[in-house]
Amino acid sequence: MKSIIKDSLILFAITIVAGFLLGWVYDVTKEPIAHQKEITKANACKAVFEDAVTFTPVDMTGMEQEMAFEGGDIEEVLSAEDSSGKELGFVMTVTSHEGYGGDITFLIGIRNDGTVNGISFTSISETAGLGMKAKNAEFMDQFSDKNVENFVYTKSGKKADNEIDAISAATITTSAVTGSVNGALDFFHQYLKITGGAANE
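The shown structure was predicted, so the numbers you read here are calculated from the model rather than taken from an experiment.

So, about a nonpolar patch on the surface. On the surface, V17, F20 and L21 cluster together into a nonpolar patch covering about 310 Å² of accessible area. Residue position: L21 is located in helix α1 (residues 2–48). Look at L21 and you get partly exposed, because its relative accessible area is 44%.

Moving on, we get to the pattern of salt bridges. Here the structure, examined in full by the defined rule, presents 1 salt bridge. Here D51 ties to R111 by a salt bridge, and the two come within 2.8 Å at their closest N and O atoms. Taken together, the residues D51 in the loop between α1 and β1 (54–57) and R111 in strand β5 (residues 102–111) connect sequence positions 60 residues apart. Of the residues examined, D51 reaches a relative accessible area of 40% and is grouped as partly exposed. For R111, a relative accessible area of 22% gives the class partly exposed.

What follows concerns unusual backbone geometry. For residues besides glycine, phi is generally negative; the peptide bonds are generally trans as well. In this structure, D145 takes a positive phi of about 55° despite not being glycine. Along the chain, the position of D145 falls in the loop between α2 (137–140) and β7 (152–154). Of note in this structure, A169 is not a glycine but carries a positive phi near 65°. Among the secondary structure elements, A169 is positioned in the loop between β8 (163–165) and α3 (171–192). Residue class for A169 comes out exposed when judged on its relative accessible area of 65%.

About the cut-offs
Residues numbered from 1 in each chain as written. Predicted model: local features only at pLDDT ≥ 70, side-chain atom pairs only at ≥ 80, totals over all residues. Heavy atoms only, no water. Patch = residues over 30% accessible without salt bridge, like charges linked within 9 Å, V, L, I, M, F, W, Y side chains within 5 Å. Areas by Shrake-Rupley, 256 points an atom, 1.4 Å probe, with all protein chains shown as cover. Salt bridge = Lys/Arg side-chain N within 4 Å of Asp/Glu carboxyl O. Helix = DSSP H or I, 4+ residues; strand = E, 2+ residues; numbered from the N terminus. Buried < 20%, exposed > 50% of the residue type's maximum accessible area, 1.4 Å probe, protein only.

Note that all results are geometric; they support no functional claim without further evidence.
Written as structure tokens, this is what we have:
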């Protein structure tokens, strides 16, 4: 009986110490981890809006329904600003739920005049050698510096400014990304363009 009590006390002490150490490690590492996440996020924003200096969250409270589109969601909207604080456009975090391998999340930068600066993936798990080619510049750059109402993908070679060459053998991925870019563009034109000074000049 004494042995059982002793073993129980030892186990209890180990549990307390382990819990304390885990809590201490969390406290020590949470700020550096949060800081690193902010750096990663800022770098991703710069990738789609190079000439912006700051990225300020836009309060979209109450617009959750409007931020959903067929097959995806806009999760966050940031105002992209220059060194004087002038709004140049927006960076949106967009998630498609129609990827072949699951959700696909990317950032898209859109200037006040509706020009797409580009896209940058933050989460994608498509098939290696097929859908993962979406991360290649050859595919992503097709959206860059384009001012169009919406994009369409083609398997026969793009001929118009709004056409995107589909990734070979990865139509589902191509469709998911293209549809989500269009979702972001629609949201911009309906709810964000009116707030951008350059868009009304």
